[in-house]
Amino acid sequence: MKTIKALIAEELKTRASMRSIERDERVEDIYYQYPDLEKIDSELISLRGSRMLTIFEKKEGQADIIEFREKELLKEREEFISKYNIDPEFDEEKPICTKCMDTGFYIKNNGMSAVCTSCMSSQIKECYDKSGLADFSSYDPKNYDRNYFGDKTGRNKRIKAMLSLFESECEDTPLRVYYDVSGSGKTFLSVIVTKYAINEGKSACFLKAEELLDCTDEKKEYLKKCDFVIIDDYSADVTRKWQIASNLNNILDARIASKRPTVLVSSSPLEQLSLDSDLRIAQKIQRASSI
């Protein structure tokens, strides 16, 4: 599974080629319009090669003559460019995206870096789809109702707690249980937090607990190593299925050891889950924190 950073890296390789091609086309066009400028630049290139050779051969007198001529040409070039109102940076590569300067990231007002939505929107969408969010395209972080059910304080507290998991290092156990009653918007919050994580350049994954039944080896390895994981619809009953319990236990072992934040989303409180879940997982939940 490709992370957002991997997708951005692929795009930046393509973009580097595009910048080079655009630069070459721009130079070719300017030289076609102004052949005298091309002659000046060609002589400058030749002079610089000769100057390096004279320095290497320690011919100081010739080097001084060449340097004087180079200064003359540079002045002539500057005057020519000014006279014909030519972009002085026409022969330099220019960023395609001026928001992120082709880095794929920009700095937000709060000082945090985030994926550039101006030029990486398709990469963000692809990463959403590959991170378990393909069925949740309509879940927009902008539509998060912090006053849902009149619990503005509680919902603000929960989303801040979730965001802090991947915005700072976990000082204690990285396992959390997000408990609330059915219909309280747990899945919506979980989805948009996963999107937030991806938007900040993190590798993240959202999945339902039942999906662990037929989890491929590739996905299990990804779940062990990615920055942030949310497992929705978790219950003690789901761990009665041996394959789910085994897969989840192996994933949690790896994530807890490497202090990678994981959230189990459930309609049952932590205390009940720690009593009724598969023994191996129950022991881990006993050391978890509630959201």
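Residues numbered from 1 in each chain as written. Predicted model: local features only at pLDDT ≥ 70, side-chain atom pairs only at ≥ 80, totals over all residues. Heavy atoms only, no water.

### Some thoughts on the pairing of strand S4 (residues 204-208)
Item 1. Among the five residues of S4, four are classified as buried, and the element is accordingly described as predominantly covered.
Item 2. Note on the crossover from S4 through helix H7 (residues 217-225) to strand S5 (residues 228-234): the handedness is right-handed. (Buried < 20%, exposed > 50% of the residue type's maximum accessible area, 1.4 Å probe, protein only. Helix = DSSP H or I, 4+ residues; strand = E, 2+ residues; numbered from the N terminus. Right-handed = clockwise from strand over helix to strand, strands pointing away.)

### Things to note about a negative patch on the surface
Item 1. On the surface, Glu-22, Glu-25, Glu-28 and Asp-29 cluster together into a patch of negative charge.
Item 2. In this fold, Glu-22 is placed in helix H1 (residues 4-33).
Item 3. Accessibility expressed as a relative area gives 37% for Glu-22, which makes it partly exposed. (Patch = residues over 30% accessible without salt bridge, like charges linked within 9 Å, V, L, I, M, F, W, Y side chains within 5 Å. Areas by Shrake-Rupley, 256 points an atom, 1.4 Å probe, with all protein chains shown as cover. Salt bridge = Lys/Arg side-chain N within 4 Å of Asp/Glu carboxyl O. Lys, Arg positive; Asp, Glu negative; His and termini not counted. Charge placed at Lys NZ, Arg CZ, Asp CG, Glu CD.)

### As for unusual backbone geometry
Item 1. At Asn-85, a position not held by glycine, the phi torsion is positive, near 55 degrees.
Item 2. Following the sequence through the fold, Asn-85 ends up in the loop between helix H3 (60-83) and strand S1 (105-107).
Item 3. A relative accessible area of 70% means that Asn-85 is categorised as exposed.
Item 4. For Asp-233, which is not glycine, the phi torsion reads 55 degrees and is therefore positive.
Item 5. Its location among the elements puts Asp-233 in strand S5.

### A look at the pairing of strand S6 (residues 262-266)
Item 1. The buried fraction of S6 is high, at five of five residues.
Item 2. Neither face of S6 is left uncovered, since the one carrying Thr-262, Leu-264 and Ser-266 and the one carrying Val-263 and Val-265 both have all their residues buried.
Item 3. Alignment of strand S3 (residues 175-179) against S6, held across five bridges, turns out to be parallel. Following the sheet pairing, Leu-175 is matched in S6 by Thr-262.
Item 4. Two elements, S5 and S6, share four bridges in a ladder whose sense is parallel. Within S6, the residue paired with Ile-230 across the bridge is Val-263.
Item 5. Each parallel crossover has a hand, and for S5 linked through helix H8 (residues 242-257) to S6 it is right-handed. (Pairing = 2+ DSSP bridges.)

### Some words on the pattern of salt bridges
Item 1. Taken as a whole and assessed by the stated rule, the structure comprises 25 salt bridges.
Item 2. Measuring nitrogen to oxygen at the nearest pair gives 3.3 Å for the salt bridge that ties Glu-221 to Lys-224. You can see Glu-221 and its partner Lys-224 sitting in helix H7, three residues apart, about one turn around the helix.
Item 3. Relative accessible area serves as the criterion here: at 36%, Glu-221 is assigned to the partly exposed category.
Item 4. The partly exposed category is assigned to Lys-224, whose relative accessible area is 22%.
Item 5. Several salt bridges share partner residues, and in doing so they unite Glu-11, Arg-15, Arg-19, Glu-93 and Asp-102 into one network.

### Examining the environment of Cys-97
Item 1. Note on placement: Cys-97 falls in the loop between H3 and S1.
Item 2. Judged by its relative accessible area of 7%, Cys-97 is buried.
Item 3. Remark: the alpha-carbon pair of Cys-97 and Val-191, spanning 94 residues in sequence, is separated by 28 Å.
Item 4. When near neighbours in sequence (up to four residues on either side) are disregarded, Cys-97 contacts Arg-15, Asp-102, Cys-116, Ser-118 and Cys-119. (Contact = heavy atoms within 4.5 Å.)

### What to know about the nonpolar core
Item 1. Within the largest apolar cluster, 34 residues are counted, with the highest numbers of intra-cluster contacts made by Met-162, Val-193, Phe-228, Ile-230 and Val-263.
Item 2. Breaking this core down by element, the ones donating at least two residues are H1, helix H4 (121-133), helix H5 (152-167), helix H6 (186-199), S4, S5 and S6.
Item 3. Sort the elements by how many residues they give to this core and H6 lands first, with six residues.
Item 4. Formed by 25 residues, the second largest nonpolar core is a distinct cluster that contains Val-177, Val-238, Ile-251 and Ile-285. (Core = buried A, V, L, I, M, F, W, Y, C linked by side-chain atoms within 4.5 Å.)

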